[in-house]
Amino acid sequence: MLLREIEPQAFIAAGCIRNLVWASLHDQEYILDGTEIDVIFYDSHDDGAYGQAIETQLRKIFPCIEWDITNQALVHEWYTTEQGESIPPLTSIKHALSLWPETATAIAVRLNDCDEIEYIAPFGLDDLFELKLRWNSTFVQQETFMKRLQQKRFLEKWPKLVMQKLKPSK
């Protein structure tokens, strides 16, 4: 079963894509079992129940995967800035991706009805395939980005990554 059969508008996004590409470019094996896979979609009429239904179906089919299903139209209801302020509603998947912490993580893919790979990448694909680790300063502070680097151990896992120069934090 394909994701599009469960939800045609859903995309696989974030770390599983980044990690797969970076592992491949490092000649490393990438195993999905136990991996978190982010599935994102945008439905302004969903109250959260639909995302739960998608997750339930995916867990039945792939029980060894940790699924993180997020309706990007609801993110503003539970996400706050680092200062604790509410964020305005997101307008699309592309808008949501444009706020993610690293440019190489801000990518979503799906298989469309013509069996073609469709992707959304507001910062393009160069950083992903050129092994560039770049902070997206649009929404996340530099300190948070640096903590993510340590927690996720990007530079340890993938030593060919090149850290792009960060702008001084304000």
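The coordinates are above.
This is a predicted model, so every value here is computed, not measured. (Residues numbered from 1 in each chain as written. Predicted model: local features only at pLDDT ≥ 70, side-chain atom pairs only at ≥ 80, totals over all residues. Heavy atoms only, no water.)

## Concerning the pairing of strand E4 (residues 108–111)
- Only one face of E4 is buried: it carries Ala108 and Arg110, and the other face, with Val109 and Leu111, is open.
- Inspection of the sheet shows strand E1 (residues 11–13) paired to E4 by 2 bridges, in the antiparallel sense. By the bridge assignment, Ala13 is partnered in E4 with Ala108.
- With 4 bridges connecting them, E4 and strand E5 (residues 117–120) associate as antiparallel partners. By the bridge assignment for E5, Val109 is matched with Tyr119.
- Between E4 and E5, which pair antiparallel in sequence order, lie 5 residues; one of them, Asp115, sits at a positive phi of approximately 60°. (Buried < 20%, exposed > 50% of the residue type's maximum accessible area, 1.4 Å probe, protein only. Helix = DSSP H or I, 4+ residues; strand = E, 2+ residues; numbered from the N terminus. Pairing = 2+ DSSP bridges.)

## Observations regarding the pattern of salt bridges
- Inspection of every chain in the model, using the stated rule, returns 9 salt bridges.
- Of the charged contacts in the structure, one is a salt bridge between Asp127 and Arg134, with a shortest N-O distance of 2.7 Å.
- Judged by relative accessible area, Asp127 falls into the buried class, the value being 9%.
- Classification of Arg134 by relative accessible area gives partly exposed; the value is 29%.
- Here Glu143 makes a salt bridge to Lys147, at a shortest N to O gap of 3.4 Å. (Salt bridge = Lys/Arg side-chain N within 4 Å of Asp/Glu carboxyl O.)

## Points about a nonpolar patch on the surface
- Where nonpolar side chains cluster on the molecular surface, the patch consists of Leu2, Leu111 and Ile117 and spans about 260 Å² of accessible area.
- Looking at the element boundaries, Ile117 is found in strand E5. (Patch = residues over 30% accessible without salt bridge, like charges linked within 9 Å, V, L, I, M, F, W, Y side chains within 5 Å. Areas by Shrake-Rupley, 256 points an atom, 1.4 Å probe, with all protein chains shown as cover.)

## Side note on the environment of Leu97
- Along the chain, the position of Leu97 falls in helix H5 (residues 93–97).
- Separated by 25 residues in sequence, Leu97 and Gln72 have C-alpha atoms that sit 9.3 Å apart.
- Setting aside chain neighbours within four positions, we find Leu97 in contact with Ile40, Ala106, Ile107, Ala108, Ile120, Pro122 and Phe123. (Contact = heavy atoms within 4.5 Å.)

## Quick word on the layout of surface pockets
- Each pocket or cavity is described by its volume, and for the largest pocket that value is around 890 Å³.
- In terms of lining residues, the largest pocket is bounded by 36 residues, among which Ala14, Glu36, Asp38, Thr105 and Arg148 are the most central.
- The set of elements that each furnish at least two residues to the lining of the largest pocket consists of helix H2 (15–25), strand E2 (36–41), strand E3 (66–71), helix H4 (75–78), helix H7 (142–152) and helix H8 (154–157).
- Top contributing element to the lining of the largest pocket by residue count: H2, with 5 residues.
- Here the lining of the largest pocket is composed, by residue class, of 18 nonpolar, 9 polar and 9 charged.
- For the second largest pocket, the calculated volume is near 590 Å³.
- Along the wall of the second largest pocket there are 22 residues; nearest its centre are Leu3, Ile12, Val109, Arg110 and Leu111. (1 Å grid on protein atoms, 1.4 Å probe; cavity = no way out; pocket = protein on both sides within 12 Å on 5 of 7 lines; lining within 4 Å. Points joined across faces, edges and corners; volume = space filled by probe spheres on them. Nonpolar A, V, L, I, M, F, W, Y, C, P; charged D, E, K, R; others polar.)

## Thoughts on the sheet that holds E5
- Taking strand neighbours across the sheet as the criterion, the 5 strands line up as E3-E2-E1-E4-E5 in an open arrangement whose pairing is mixed. Two strands close off the open sheet at either side, each with one partner strand: E3 and E5. Geometrically, the sheet is characterised by an average inter-axis angle of 30° between neighbouring strands, direction not taken into account.
- The strands touched by H2 within the sheet are E1, E2 and E4, with E1 carrying the most contacts at an inclination of about 60°.
- Where helix H3 (residues 49–61) meets the sheet, its contacts fall on E2 and E3, and the angle it forms with E3 comes to roughly 155°. (Axes fitted to C-alpha atoms, helices over the stretch in contact; angles between N-to-C directions.)

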